[in-house]
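Understanding the architecture of this molecule
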Amino acid sequence: SAVEKEDYVFLTAGDTDFDALMQAVDTPAFVSALKGLGYNNLKVHVGLGTYKPHHIMKHAGIGFSITFVDHDTMVPKRVAKASLVIGHFDPAALVDALRSGSRLAVVTNPKAQQHQEHLLATTLAHAPWRFLHAFTPESLVQGLRSVDFT
């Protein structure tokens, strides 16, 4: 059942090492893409990687809030309440988002050992529903600018 949404984007690398995702969002273009979608609140869950976004704070500007959150038991609730979830393709996070009705921008990890992650994400993205879109770290920003999440 869908839960009441809050007006924020939840960005998560889950419990993975996904530095490519964190680097892809550490840009003014990413913040601009979120603003273009009407968002002004981003919650970032970095994951286990070594790269911690540090440029993104200076790109936010007035009226755009960025909060870094730890990996804890609240992550599934944050996923469920987010209007948009951007993150790695994790089955548990995917199920949480599906159950809650959150829109998804799935970013596949090129370092994942199996190519099945990318194949499944792109297959789901082309299904009849319009809440899930699949990207790579390199295509994320442009993808956010071009997809229809309605």
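Values in this document were obtained by computation on a predicted structure and should not be read as measured data.

Analysis parameters
- Residues numbered from 1 in each chain as written.
- Predicted model: local features only at pLDDT ≥ 70, side-chain atom pairs only at ≥ 80, totals over all residues.
- Heavy atoms only, no water.
- Helix = DSSP H or I, 4+ residues; strand = E, 2+ residues; numbered from the N terminus.
- Buried < 20%, exposed > 50% of the residue type's maximum accessible area, 1.4 Å probe, protein only.
- Contact = heavy atoms within 4.5 Å.
- Areas by Shrake-Rupley, 256 points an atom, 1.4 Å probe, with all protein chains shown as cover.
- Core = buried A, V, L, I, M, F, W, Y, C linked by side-chain atoms within 4.5 Å.
- Salt bridge = Lys/Arg side-chain N within 4 Å of Asp/Glu carboxyl O.
- Arc of directions from axis to C-beta.
- Pairing = 2+ DSSP bridges.

1. A look at the overall build of the protein chain
Looking only at helices and strands, one finds seven helices and six strands in the protein chain. The buried share of the protein chain, reckoned over its 150 residues, is 46%. Considering only intrachain contacts with a sequence separation of at least 6, the fraction spanning at least 24 residues in the protein chain is 69%. When the accessible surface of the protein chain is summed, it comes to about 7700 Å², and 56% of that surface belongs to carbon and sulfur atoms.

2. A few points about the nonpolar core
Judged by nonpolar contacts, the single largest core of 30 residues is most densely connected at Phe30, Leu34, Leu42, Ile86, Leu140 and Leu144. Of all the secondary-structure elements, those providing two or more residues to this core are strand E1 (6-12), helix H1 (19-25), helix H2 (28-36), strand E2 (41-45), helix H3 (56-60), strand E4 (82-88), strand E5 (103-107) and helix H7 (140-146). Residue contacts for isoleucine 86: discarding those within four places in its chain leaves Val9, Phe10, Leu11, Thr12, Phe30, Leu34, Ala105, Val107, Leu140 and Leu144. Grouped together as the second largest cluster of nonpolar side chains are 14 residues, Phe10, Leu94, Val106 and Leu132 included.

3. Some points on the environment of threonine 122
Tracing the chain through its elements places threonine 122 in helix H6 (residues 116-125). With 15 residues separating them along the chain, threonine 122 and valine 107 place their C-alpha atoms 9.9 Å apart.

4. Considering the pattern of salt bridges
This structure, assessed with the given rule, holds one salt bridge. Across the pair lysine 81 and glutamate 6 runs a salt bridge, and its minimum N-O distance is 3.5 Å. Within this pair, whereas lysine 81 is found in helix H4 (residues 75-81), its partner glutamate 6 is found in strand E1, the two being separated by 75 residues in sequence. Under the relative-accessibility criterion, lysine 81 is labelled partly exposed at 36%.

5. A short note on helix H5 (residues 91-100)
Quick reminder: α-helices carry 3.6 residues per turn. Residues three or four places apart thus point the same way. By the burial criterion, the buried members of H5 are Ala93, Leu94, Ala97 and Ser100. Viewed end-on, H5 has its buried residues packed into an arc of 140°, placing them on one side of the element. Of the residues in H5, the exposed ones pointing more than 90 degrees away from the buried face are Pro91 and Arg99. Phi for glycine 101, located one or two positions after H5, is positive at around 80°.

6. Some words on the pairing of E1
The side chains of a regular strand alternate between both faces of the sheet. Within E1, five of the seven residues are buried, which leaves the element mostly enclosed by the surrounding structure. In this sheet, E4 lies alongside E1 in parallel orientation, the contact comprising five bridges. Its bridge partner being in E4, threonine 12 is matched across the sheet by glycine 87. Bridging between E1 and E2 involves four bridges; their strand directions are parallel.

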